[in-house]
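# Chains, contacts and geometry: an overview
Each chain, letter by letter, is given below.
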Amino acid sequence: IGLLIDDAVVVRESITRRLEAGEDPVTAAREGTREIALAVLTTTLTLVAVFVPVAFMQGIVGRFFRQFGLTITFAVLISLFVAFTLDPMLSARFSRQRRSGEAHRENALARWLRGGLTALDRVFARALDGVLAWRKLTILAALALFVGSLWPARSWARTS
């Protein structure tokens, strides 16, 4: 699903950035899409280049993956088409231009989410500080977890 919405998210983000800079919605949609079109096209064609060969693999594996490769290829191409046509059109139609000096308003849910993410950022920063202060202990703990995770796999492999 992430592969299919990436193009639209990038296009919409570019348009939103231009709207926040004060451009009118039609110009923001046109120029925002044009500005990132090559990058979005390149990432989509890269995915196509990966999944088309999967669709035409030979043998039993090819039989299993043919539909998967074709489905992903066509779905990604359709998402590119939507990102270049429907998203800019809807953005130009339903977005509004921000007036100069107008502050960005957040609703209650956005404020709550921003507060939660800020708190999570502080927790992560403290954890990262601790890990960097105790590097050797962190490496030993990671190795112990890795070795400990191999133990159930070893006993499972013996019973199979």
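See the structure printed just above.
What comes next concerns the included structure.

Our focus in this paragraph is the nonpolar core. Within soluble globular proteins, side chains that are nonpolar generally end up buried alongside one another. Among the nonpolar cores identified, the biggest contains 9 residues, and these are Val11, Ile15, Leu19, Ala28, Ala29, Ile36, Val40, Leu80 and Ala83. Of all the secondary structure elements, the ones that give two or more residues to this core are helix H1 (2-20), helix H2 (25-55) and helix H3 (59-84). Tallying contributions element by element places H2 first for this core, with 4 residues. When sequence neighbours within four positions are dropped, the list of residues in contact with Ala28 reads Ile15, Arg18, Leu19, Glu23 and Thr33.

Let us now look at the side chain of Thr73. Locating Thr73 in the fold gives a position in helix H3. Excluding anything up to four places from it in sequence, Thr73 contacts Val48, Phe51 and Val52.

This next bit is on the packing of aromatic side chains. Scanning the entire structure with this criterion turns up 2 aromatic pairs. Look at Phe51 and Phe68: their rings are 5.7 Å apart centre to centre, the planes differ by 75 degrees, and that puts the pair in the edge-to-face class. Taken together, the positions of Phe51 in helix H2 and Phe68 in helix H3 put the pair 17 residues apart, joining distant regions of the chain. Note on Phe51: relative accessible area 15%, which makes it buried. What makes Phe68 partly exposed here is its relative accessible area of 41%. The interplanar angle of 70 degrees and the centroid separation of 6.2 Å between the aromatic rings of Phe65 and Phe68 together place this pair among those described as edge-to-face. Of the two residues, Phe65 and Phe68 are both situated in helix H3; the distance of 3 residues between them amounts to about one turn of the helix. Pairwise contacts between aromatic rings join Phe51, Phe65 and Phe68 into one cluster.

Another point: the environment of Val10. Looking at where Val10 falls in the secondary structure, it is placed in helix H1. Spatially, the C-alpha atoms of Val10 and Thr33 are 8.9 Å apart, while their sequence positions differ by 23 residues. When near neighbours in sequence (up to four residues on either side) are disregarded, Val10 contacts Ile36 and Val40.

Relative to each other, H2 and H3 sit at 170 degrees, their axes nearing to 8 Å. As summarised for this structure, H2 and H3 are arranged roughly antiparallel, according to the angle between their axes. Listed contacts from H3 to Thr33, Ala37, Val40, Leu41, Thr44, Leu47, Val48, Phe51, Val52, Val54 and Ala55 of H2 are Phe65, Arg66, Phe68, Gly69, Leu70, Ile72, Thr73, Val76, Leu77, Leu80 and Phe84. Across the contact of H2 with H3, the residue classes break down as 17 nonpolar, 4 polar and 1 charged.

What follows deals with the packing of H1 against helix H4 (residues 86-94). The contact between H1 and H4 brings their axes to 10 Å, and the two run at 30 degrees. It follows that H1 is roughly parallel to H4 by the angle criterion. In this structure, the crossing between H1 and H4 has a hand that is right-handed. Residues Ala8, Val11, Arg12 and Ile15 of H1 form the contact with H4, whose own contacting residues are Asp87, Pro88 and Ser91. Looking at the contact of H1 with H4 residue by residue, the classes come out as 4 nonpolar, 1 polar and 2 charged.

Conventions adopted
- Residues numbered from 1 in each chain as written.
- Predicted model: local features only at pLDDT ≥ 70, side-chain atom pairs only at ≥ 80, totals over all residues.
- Heavy atoms only, no water.
- Core = buried A, V, L, I, M, F, W, Y, C linked by side-chain atoms within 4.5 Å.
- Buried < 20%, exposed > 50% of the residue type's maximum accessible area, 1.4 Å probe, protein only.
- Helix = DSSP H or I, 4+ residues; strand = E, 2+ residues; numbered from the N terminus.
- Contact = heavy atoms within 4.5 Å.
- Phe/Tyr/Trp six-rings, centres within 6.5 Å; stacked < 30°, edge-to-face > 60°.
- Axes fitted to C-alpha atoms, helices over the stretch in contact; angles between N-to-C directions.
- Parallel < 35°, antiparallel > 145°, perpendicular 65-115°, else oblique.
- Nonpolar A, V, L, I, M, F, W, Y, C, P; charged D, E, K, R; others polar.
- Left-handed = near helix turned anticlockwise from the far one by under 90°.

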